[in-house]
Amino acid sequence: MNLTELLMNIWGGLIRWFFQLLYHQFSFAYDWVAAWVSGGKWKEWVYESGKFFNDEPILEIGFGPGHLQKEYLLKGKHIFGLDESRFMCHLARKRLEKLNLAGQQSSLCRGIAQYLPFAGDSFSTILMTFPTQYALDERTIGECWRILRSQGKIVILLAVRQGGDSLYKRLIRWLFGITHQSPENEVYQTIWTQRYGAAGFRVEQVWHRLGDDHLWFVVAEKESTPFANG
């Protein structure tokens, strides 16, 4: 291993450690950091996931501070959420409580994606936004297959390629890039199709334009029916 590879490994480890803290002990700062590295677009990107599905009920794996939960509950959507962080579970429940959605708090639970606490054929849509490596775990993929209904979909927002040529846009693009939330190389992209395809899903990778930005989605359907991404 040369010096460059060593430094990149050290940097990657520091980034993973930082995000581990941010998602747990420092969760109170999560929204601020997310807004900072995205130029204030983080929630807009997450909400765009809804373009790829219509059917309910929905399971959001890794709901974080609960912004999408709040958005969909206010629209009357039938949505559930699972997250492994007790800190994020607390934040999300507080957010729902403030909006008089306390009765919906039972739809949130703490757990891990590799062992989903739901019966088979329970959901029409599973949603993950900016997930970590758990989304590539074969146990996670198997569990998603088990709880999805026939023709159900997994919608994963993996990364964003930010556009714009202004100095501000370039700075934000650099900040977002150093957090490892920018699109990866072709080998990494291929892994998603291979892993989910091997489990029986029909997989499509989609670059979806939103303003100056391009959002990278993976959409995996449980049965081989045509995609309708809109």
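Right above here is the structure, for reference.
Now for a look at the structure at hand. (Residues numbered from 1 in each chain as written. Predicted model: local features only at pLDDT ≥ 70, side-chain atom pairs only at ≥ 80, totals over all residues. Heavy atoms only, no water.)

### Describing the overall build of the protein chain
When helices and strands are counted, the protein chain shows eight helices and seven strands. Evaluated residue by residue, the protein chain yields a buried proportion of 48% over its 230 residues. A fraction of 68% describes how many contacts in the protein chain between residues 6 or more apart in sequence connect residues 24 or more apart. A total accessible area of about 12,000 Å² is found for the protein chain, and carbon and sulfur atoms account for 55% of it. (Helix = DSSP H or I, 4+ residues; strand = E, 2+ residues; numbered from the N terminus. Buried < 20%, exposed > 50% of the residue type's maximum accessible area, 1.4 Å probe, protein only. Contact = heavy atoms within 4.5 Å. Areas by Shrake-Rupley, 256 points an atom, 1.4 Å probe, with all protein chains shown as cover.)

### Digging into helix α6 (residues 138-147)
Of all the residues in α6, the buried ones are T140, I141, E143, C144 and I147. Relative to the axis of α6, the buried residues are bounded by an arc of 165° and lie together on one face. Of the residues flanking the start of α6, the one acting as N-cap is D137, its side-chain oxygen 2.8 Å from the backbone nitrogen of R139. (Arc of directions from axis to C-beta. Polar contact = N/O pair within 3.5 Å; in protein donor to acceptor, adjacent residues only side chain to side chain.)

### Examining the nonpolar core
In terms of nonpolar packing, the biggest core is built from 28 residues, with W45, F130, L215 and F217 touching the most fellow members. Contributing elements (two or more residues each) for this core: α3 (42-47), α4 (67-74), α5 (86-98), β5 (148-161), β6 (202-210) and β7 (213-221). Of the residues forming this core, the biggest block, four residues, is contributed by α5. Among the nonpolar cores identified, the runner-up in size contains 27 residues, and L116, F118, C144 and L158 belong to it. (Core = buried A, V, L, I, M, F, W, Y, C linked by side-chain atoms within 4.5 Å.)

### Brief notes about the environment of G152
Along the chain, G152 falls in strand β5. Overall, G152 belongs to the buried group, its relative accessible area being 2%. When the C-alpha positions of G152 and K222 are compared, they lie 5.5 Å apart, and in sequence the two are 70 residues distant. When neighbours within four sequence positions are excluded, G152 is seen to be in contact with S124, A220, E221 and K222.

### Quick word on the environment of P131
Mapped onto the elements, P131 comes out in the loop between β4 (123-129) and α6. Separated by 27 residues in the primary sequence, P131 and L158 have C-alpha atoms spaced 6.8 Å apart. Other than its neighbours up to four places away in sequence, P131 contacts I156, L157 and L158.

### Considerations on the pairing of strand β1 (residues 58-61)
Neither face of β1 is left uncovered, since the one carrying I58 and E60 and the one carrying L59 and I61 both have all their residues buried. Bridge count between β1 and strand β2 (residues 79-83): four bridges; the pairing is parallel. From the neighbouring strand, L59 faces β2, where its bridge partner is F80. Sheet topology note: the β1/β4 ladder contains three bridges and is parallel. (Pairing = 2+ DSSP bridges.)

### Some remarks on unusual backbone geometry
Following E56, the chain continues into P57 via a peptide bond in cis, with omega recorded as 0°. Looking at where P57 falls in the secondary structure, it is placed in the loop between α3 and β1. The backbone phi angle of D121 is positive, close to 60°, even though this residue is not glycine. The topology assignment puts D121 in the loop between β3 (108-110) and β4. Despite not being glycine, Q151 shows a phi value in the positive range, around 70°. Mapped onto the elements of the fold, Q151 is located in strand β5. When its relative accessible area of 43% is taken as the criterion, Q151 is described as partly exposed.

### A look at the state of the cysteines
All chains considered together, the criterion is met by zero disulfides. Here C89 stays unpaired: no disulfide links it, and the sulfur of C109, its closest cysteine neighbor, is 7.5 Å away. Judged by its relative accessible area of 3%, C89 is buried. (Disulfide = S-S within 2.5 Å.)

### Section: the pattern of salt bridges
Scanning the entire structure with this criterion turns up six salt bridges. Two residues, E97 and K94, come together in a salt bridge whose shortest N-O distance is 3.9 Å. Remark: K94 and E97 occur in helix α5; sequence separation between them is three residues, near one turn of the helix. Judged by its relative accessible area of 42%, E97 falls in the partly exposed class. Of the residues examined, K94 reaches a relative accessible area of 39% and is grouped as partly exposed. (Salt bridge = Lys/Arg side-chain N within 4 Å of Asp/Glu carboxyl O.)

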